[in-house]
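Here's the letter readout for the chains.
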Amino acid sequence: MTIQARVEESVKAHLDQYAKFIDSTPSYVITEALKVLFKRDDEFKALLGQQPGNGQTHEHAGGGLKETA
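The model shown is predicted, which means the values in this text are computed figures rather than measured ones.

The rules we used
- Residues numbered from 1 in each chain as written.
- Predicted model: local features only at pLDDT ≥ 70, side-chain atom pairs only at ≥ 80, totals over all residues.
- Heavy atoms only, no water.
- Helix = DSSP H or I, 4+ residues; strand = E, 2+ residues; numbered from the N terminus.
- Buried < 20%, exposed > 50% of the residue type's maximum accessible area, 1.4 Å probe, protein only.
- Areas by Shrake-Rupley, 256 points an atom, 1.4 Å probe, with all protein chains shown as cover.
- Salt bridge = Lys/Arg side-chain N within 4 Å of Asp/Glu carboxyl O.
- Axes fitted to C-alpha atoms, helices over the stretch in contact; angles between N-to-C directions.
- Parallel < 35°, antiparallel > 145°, perpendicular 65-115°, else oblique.
- Contact = heavy atoms within 4.5 Å.
- Nonpolar A, V, L, I, M, F, W, Y, C, P; charged D, E, K, R; others polar.

1. Details of the overall build of the protein
Okay, so step 1: Check the secondary structure of the protein and you find three helices and zero strands.
Okay, so step 2: Secondary structure elements of the protein, listed N to C terminal, follow the sequence α-α-α.
Okay, so step 3: Here the protein holds 69 residues, and the buried ones make up 10% of them.
Okay, so step 4: Accessible surface computed for the protein: about 6,700 Å², of which carbon and sulfur atoms make up 55%.

Shown next as structure tokens:
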């Protein structure tokens, strides 16, 4: 599956550098990072547990991720 996302220039640079560092691709790094995020976010896991198993995705208004200055 393919997705498109906009990121800060510095994030893209770090992504490319990290992928090269582990001898992999940016797609692999993004996929694995998201898996870790989903696994660690207890609120998100609780939300998934409440959803019917119909394969549909739902948007969660609230946040496991917090932006810091």
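2. What to know about the pattern of salt bridges
Pairing between side chains of opposite charge can happen when their charged atoms approach one another.
Okay, so step 1: Per the stated rule, a full pass over the model turns up three salt bridges.
Okay, so step 2: One salt bridge in this structure joins Lys12 and Asp16, with 2.8 Å as the shortest N-O distance. Of the two residues, Lys12 and Asp16 are both situated in helix H1 (residues 9–21); the distance of four residues between them amounts to about one turn of the helix.
Okay, so step 3: Across the pair Glu32 and Lys35 runs a salt bridge, and its minimum N-O distance is 3.2 Å. Of this pair, Glu32 and Lys35 both sit in helix H2 (residues 26–40), three residues apart, which is roughly one turn of that helix.

3. Here we look at the packing of H1 against H2
For any two helices packed against each other, the geometry is given by the interaxial angle and the distance between the axes.
Okay, so step 1: For the pair H1 and H2, the least separation of the axes is 8 Å and the interaxial angle reads 100°. The angle between H1 and H2 places the two elements in the roughly perpendicular class. For the pair H1 and H2, contact is made by Leu15, Asp16, Tyr18 and Ala19 and by Pro26, Val29 and Ile30, respectively.
Okay, so step 2: For the contact of H1 with H2, the class distribution of residues is six nonpolar, no polar and one charged.

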